Amino acid sequence: QAQLVESGGGLVQAGGSLSLSCAASGSIVSISTMAWHRQAPGKQRELVAHITTDGITTYADSLQGRFTISRDNAKNTVYLRMNSLKPEDTAVYYCAAVMRIRTSTTVRAYWGQGTQVTVSS
């Protein structure tokens, strides 16, 4: 089994910053792409950013420049630094990782439980 655990969510004022982290643990053989998604109330889940094992990053067009994704492969951890936060960034943020675990021959995406980020105006 494997799991992803997010931390770092909370309440912040507009214009402020917040950092999220997500650690993968369990019987992991390999991790490829790691990503952050978010889901605001009444909206579909959307991609925030993803990062490859080699550190190549991709961002949602509307977020590039304010959000930064990074990872520490030795710690199986992905991070999201969010600056200049806006009320519309309020959402549950989920991390995801494409992993292979020891008890399975397939590679698939695993998801964390989500962490709430609330930006007040």
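Below, the structure is looked at part by part. Since the model is a prediction, treat every value here as computed from it, not as a measurement.

### Considering the state of the cysteines
Logical step 1: In total, this model carries one disulfide according to the counting rule given.
Logical step 2: In this model, C22 is linked to C95 through a disulfide, with the two sulfur atoms separated by 1.9 Å. Of the two residues, C22 sits in strand β3 (residues 18–26) while C95 sits in strand β9 (residues 91–101), which places them 73 residues apart along the sequence.
Logical step 3: Since its relative accessible area comes to 0%, C22 is described here as buried.

### Things to note about the pairing of β3
Logical step 1: As paired strands, strand β1 (residues 2–7) and β3 are joined by six bridges and run antiparallel to one another. In the strand pairing of β3, Q3 is matched with S25.
Logical step 2: Bridging between β3 and strand β8 (residues 77–82) involves six bridges; their strand directions are antiparallel. Its bridge partner being in β8, L20 is matched across the sheet by L80.

### Some thoughts on the pairing of strand β5 (residues 46–51)
Logical step 1: Pairing analysis gives five bridges linking strand β4 (residues 28–39) to β5, with the strands arranged antiparallel. Note that in β5 the partner of A35 across the bridge is H50.
Logical step 2: Remark: six residues form the turn of the hairpin made by β4 and β5, two consecutive strands paired antiparallel; G42 in that turn has positive phi of roughly 75°.
Logical step 3: One ladder, built from three bridges, connects β5 with strand β6 (residues 57–59); its direction is antiparallel. Bridged to I51 within β6 is T57.

### With respect to the pattern of salt bridges
Logical step 1: By the definition in use, this model includes three salt bridges.
Logical step 2: For R38, the salt bridge identified is with E46, shortest N-O distance 2.7 Å.
Logical step 3: Accessibility expressed as a relative area gives 8% for R38, which makes it buried.
Logical step 4: The shortest N-O distance in the salt bridge between R66 and D89 comes to 2.8 Å. One end of the pair, R66, is in the loop between β6 and β7 (67–72); the other, D89, is in the loop between β8 and β9, with 23 residues separating them in the sequence. By the burial criterion, R66 is buried, and D89 matches it.
Logical step 5: It is possible to trace a salt-bridge network through shared partners that takes in R38, E46, R66 and D89.

Rules used throughout
Residues numbered from 1 in each chain as written. Predicted model: local features only at pLDDT ≥ 70, side-chain atom pairs only at ≥ 80, totals over all residues. Heavy atoms only, no water. Disulfide = S-S within 2.5 Å. Helix = DSSP H or I, 4+ residues; strand = E, 2+ residues; numbered from the N terminus. Buried < 20%, exposed > 50% of the residue type's maximum accessible area, 1.4 Å probe, protein only. Pairing = 2+ DSSP bridges. Salt bridge = Lys/Arg side-chain N within 4 Å of Asp/Glu carboxyl O.

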